[in-house]
Amino acid sequence: MSKMVKKSLRIISVLVIMLTVATPALAATSTSSPEKTVTLLGYTYTYWSTLNGDETSVWGYTKVMADDNVPVGYIGVNSCLYNKSGALVKSTGWEYNNDEISGWSRSAGKYYQTGTYYSKGQVKFYHGNGYNTYTAYATPYISVKSGTANQVQTNDSGLTYGSDMFVEDGNGIPDLI
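If you're wondering where the values come from, they're calculated on a predicted model, not measured in any experiment.

J.: Please provide a residue-by-residue account of the overall build of the protein chain, values included.
T.: Secondary structure summary: the protein chain contains one helix and 15 strands in total. Every one of the 177 residues in the protein chain was classed for burial, and the buried ones make up 31%. Restricting to contacts in the protein chain with at least 6 residues of sequence separation, those with at least 24 account for 55%. As displayed, the protein chain has an accessible area near 10400 Å², and 53% of this comes from carbon and sulfur atoms.

Next up, the structure:
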């Protein structure tokens, strides 16, 4: 083997080792609930919850797949994130499809608090005269090890204070910054 080939192989080996060592710190984790299926008005819907996380945050999704494109307003999703105690910590509220679609996913956004969490969303499907509501199975837990616990606190007057650094959607902005 020539010197040039040996040198190239050493460089590639070093790069592979560096990427292997660095990747776990950057990698996110993901888990999903089992799927559920229901048929209404000739459309078959499959839905489930997904939870993603890394060292500083978690973010949950509720996902829906239909066997064909469904009309506007036929699918509603409320993606919910809960802590291990079962308390709701973040949700999208109900959102409905504004386009003809066959698949849809909604996320409540990232949550930056140390703790253990799961995702368990709800869906609504149009049945011709209103909606039927279904709850997806819960995902397995994911733990956040170095979130920003107690980022926002409440003073004796009931006003919240702290950083708004991790506020993504205008919700949760402290009264006093």
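There's plenty left to go through after this.
J.: Mind laying out the environment of Leu88, listing which residues take part and the relevant values?
T.: Mapped onto the elements, Leu88 comes out in strand β7 (residues 88–91). Take Leu88: its relative accessible area is 47%, and that puts it in the partly exposed class. Sequence-wise, Leu88 and Lys120 are 32 residues apart; in three dimensions their C-alpha atoms are separated by 9.8 Å. Contacts of Leu88, omitting those with residues within four sequence positions, involve Cys80, Leu81 and Tyr82.

J.: Explain the sheet that holds strand β10 (residues 115–119) residue by residue, including any values.
T.: The four strands lie next to each other as β7-β6-β10-β13, forming an open sheet whose pairing is antiparallel. Taken across any chain shown, the strands that pair with only one partner, and hence form the sheet edges, are β7 and β13 (142–144). Each strand of the sheet is rotated relative to its neighbour by a mean of 30°, with strand direction disregarded. Examined bridge by bridge, strand β6 (residues 80–83) and β10 share three bridges and lie antiparallel to one another. Each residue of the ladder has a partner; that of Tyr82, found in β10, is Tyr118.

J.: Give me the sheet that holds strand β11 (residues 122–126): which residues, what numbers.
T.: Taken in spatial order, the four strands of this open sheet run β8-β5-β11-β12, and their pairing is antiparallel. The sheet is open, and its two borders are formed by β8 (95–96) and β12 (131–135), each paired with just one other strand. Bridge analysis of strand β5 (residues 75–78) against β8 gives two bridges, and the strand direction is antiparallel. Note that in β8 the partner of Val77 across the bridge is Glu95.

J.: An account of the packing of aromatic side chains is requested, with residue identities and associated values reported.
T.: For the coordinates displayed, the defined rule picks out 13 aromatic pairs. A ring pair is formed by Tyr43 and Tyr74, whose centres lie 5.8 Å apart and whose planes are at 85°; its orientation type is edge-to-face. Note that Tyr43 is positioned in strand β3 (residues 43–53) and Tyr74 in the loop between β4 (58–70) and β5, a separation of 31 residues in sequence. Site record: aromatic cluster; members linked through ring pairs are Tyr43, Tyr45, Tyr47, Tyr74, Trp94, Tyr96, Phe125, Tyr126, Tyr131 and Tyr134. Cation over ring: Lys36 sits above Tyr137, and NZ or CZ is 4.3 Å from the ring centre. Against the face of Trp59 rests Lys110, its NZ or CZ located 4.4 Å from the ring centre.

J.: Could you give an account of the side chain of Asn52, with specific residues and numbers?
T.: Inspection of the secondary structure puts Asn52 in strand β3. Within the structure, Asn52 has its side chain in polar contact with the side chain of Ser30 (distance 2.8 Å). Other than its neighbours up to four places away in sequence, Asn52 contacts Thr29, Ser30, Ser57, Val58, Trp59, Tyr61 and Ile142.

J.: Describe the confidence of the model for the protein chain, listing the residues and the values that go with them.
T.: Chain-level statistics for the protein chain give a pLDDT mean of 82 and a share of 67% at 70 or above. Considering only residues more than four positions removed or in separate chains, one finds that residues 20–26, a stretch of pLDDT under 50, has zero contacts.

Conventions adopted
- All residue numbers here refer to positions counted from 1 along the written sequence of the relevant chain.
- Given that the model is predicted, a residue must reach a pLDDT of at least 70 before its local features are reported, and side-chain atom pairs must reach 80 or more before they are shown or counted; all residues, however, enter totals for whole chains, interfaces and linings.
- With hydrogens and water excluded, all non-hydrogen atoms of the structure serve as input to the side-chain values.
- Starting at the N terminus, helices and strands are each numbered in turn, a helix being any DSSP run of H or I of at least four residues and a strand any DSSP run of E of at least two.
- A 1.4 Å probe rolled over the protein chains alone gives each residue an accessible area, and that area as a share of the maximum for its type sets the label: buried under 20%, exposed over 50%, partly exposed in between.
- Contact criterion: two residues are considered in contact whenever any of their non-hydrogen atoms come within 4.5 Å of each other.
- Using a 1.4 Å probe, the Shrake-Rupley method yields the accessible areas, and only the shown protein chains count as cover for residues.
- Here a strand pair is declared whenever DSSP counts at least two bridges between the two strands.
- To obtain an axis, a line is fitted to C-alpha atoms, over the contacting stretch when the element is a helix, and the angle between two such axes runs from 0 to 180 degrees between their N-to-C directions.
- A pair of Phe, Tyr and Trp rings is counted when the ring centres sit within 6.5 Å of each other, with Trp represented by its six-membered ring. The angle between the planes then sorts it: under 30 degrees is stacked, over 60 is edge-to-face, the rest tilted.
- When the NZ atom of lysine or the CZ atom of arginine is within 6 Å of a ring's centre and also within 35 degrees of its normal, the charge is said to sit over that ring.
- N or O atoms within 3.5 Å of each other form a polar contact, as long as, within protein, one can give a hydrogen and the other can take it, and as long as residues adjacent in sequence are counted only when both atoms are side-chain atoms.
- What pLDDT conveys is the predictor's confidence in a given residue, as a value from 0 to 100.

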